[in-house]
Amino acid sequence: MTVGNVKKSLDMILSQRGIKKSLEEKRKFLRQDMLELHGICYEDTKVSGGARSDIASRFDKLQDRIANYDRKILRSANRLIGLEQKGEALIRKAKPGIWQQVLYDNYVNGLSISQIAKKMHYTERRIRQIKADAIGQISKSR
């Protein structure tokens, strides 16, 4: 496996985590919209005649969209779990110790290079070197 392939496999974890987070944010905004609609239903001065049925229709559409996002998030979470499992198997091919820890913190725990550097009391440059070394070790393993 080449260095590029190892990095690509591990980067897929980060990408999938970003996709899941984005879906969760979109669902959060839809839920806020639903709460606002729910509030409008109880403000008698704003609702009259056929407006209630319009609000109910919008409410139902929001519920459907939220349910759709729930399904997408579940699929995304399942994909992320699978990618993390494959990533962990790859990470175990690096030397034990700091090399595995840097990769694990970055790819599985989702920590940035800066966060890892602070946590381990190293410079960011050194963490990047360790990460590159670990990826190189994995690419040379059988």
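Here we summarise the structure given alongside this text. (Residues numbered from 1 in each chain as written. Predicted model: local features only at pLDDT ≥ 70, side-chain atom pairs only at ≥ 80, totals over all residues. Heavy atoms only, no water.)

### Quick look at the overall build of the chain
Each helix and strand counted, the chain has 5 helices and 0 strands in total. Helices (α) and strands (β) of the chain occur, in sequence order from the N terminus, as α-α-α-α-α. For 142 residues, the compact-globule formula gives about 14 Å, and the C-alpha radius of gyration of the chain, at 23 Å, lies well above that figure. Projected onto its principal axes, the C-alpha coordinates of the chain cover approximately 70 × 30 × 20 Å. Per-residue burial for the chain yields a buried fraction of 31% across its 142 residues. Relative to all contacts within the chain whose residues are 6 or more apart in sequence, the contacts with residues 24 or more apart total 68%. Only carbon and sulfur atoms are counted for the fraction: they give 53% of the accessible area of the chain, which is about 9200 Å². Counting 30 positive and 16 negative side-chain charges, the chain places the averaged centre of each group 11 Å from the other. (Helix = DSSP H or I, 4+ residues; strand = E, 2+ residues; numbered from the N terminus. Rg over C-alpha atoms; globule rule 2.2 N^0.38 Å. Buried < 20%, exposed > 50% of the residue type's maximum accessible area, 1.4 Å probe, protein only. Contact = heavy atoms within 4.5 Å. Areas by Shrake-Rupley, 256 points an atom, 1.4 Å probe, with all protein chains shown as cover. Lys, Arg positive; Asp, Glu negative; His and termini not counted. Charge placed at Lys NZ, Arg CZ, Asp CG, Glu CD.)

### Comments concerning the environment of Y122
Summarising the element assignment, Y122 is placed in the loop between α4 (113–120) and α5 (124–140). Setting aside anything within four residues of it in sequence, one finds Y122 in contact with I98, A117 and I127.

### Here we look at the packing of aromatic side chains
Tallied over the entire structure, the rule returns 0 aromatic pairs. For the cation-ring pair, K72 lies above Y69, with the distance from its terminal atom to the ring centre recorded as 5.2 Å. Here the guanidinium or amino end of K95 rests over the ring plane of W99, the centre of that ring lying 4.9 Å away. (Phe/Tyr/Trp six-rings, centres within 6.5 Å; stacked < 30°, edge-to-face > 60°. Lys NZ or Arg CZ within 6 Å of the ring centre and 35° of its normal.)

### Points about the packing of helix α3 (residues 98–108) against α5
Across the interface, α3 lies against α5 with an axial gap of 9 Å and an inter-helix angle of 100 degrees. Our classification of the angle between α3 and α5 gives roughly perpendicular. Contacts between α3 and α5 pair I98, W99, V102, L103, N106 and Y107 from the former with I127, I130, K131, D133, A134, I135, Q137 and I138 from the latter. Taken together, the residues of the contact of α3 with α5 sort by class into 10 nonpolar, 2 polar and 2 charged. (Axes fitted to C-alpha atoms, helices over the stretch in contact; angles between N-to-C directions. Parallel < 35°, antiparallel > 145°, perpendicular 65-115°, else oblique. Nonpolar A, V, L, I, M, F, W, Y, C, P; charged D, E, K, R; others polar.)

### Topic: the nonpolar core
In terms of nonpolar packing, the biggest core is built from 14 residues, with L10, I13, L103, Y107, I135 and I138 touching the most fellow members. Taken together, the elements giving at least two residues each to this core come down to α1 (3–41), α2 (51–91), α3 and α5. Membership of the second largest hydrophobic core comes to 9 residues, among which are L23, M34, I55 and Y69. (Core = buried A, V, L, I, M, F, W, Y, C linked by side-chain atoms within 4.5 Å.)

### A closer look at the side chain of E84
Note on placement: E84 falls in helix α2. For E84, a relative accessible area of 17% gives the class buried. Not counting residues within four places of it along the chain, the set of residues in contact with E84 comprises I13, R17 and V108.

### Some details on unusual backbone geometry
Of note, H121 is a non-glycine position whose phi angle comes to about 60 degrees, a positive value. Tracing the chain through its elements places H121 in the loop between α4 and α5.

### What about the environment of D60?
One can find D60 in helix α2. Along the primary structure D60 and A77 are separated by 17 residues, whereas in three dimensions their C-alpha atoms are 26 Å apart.

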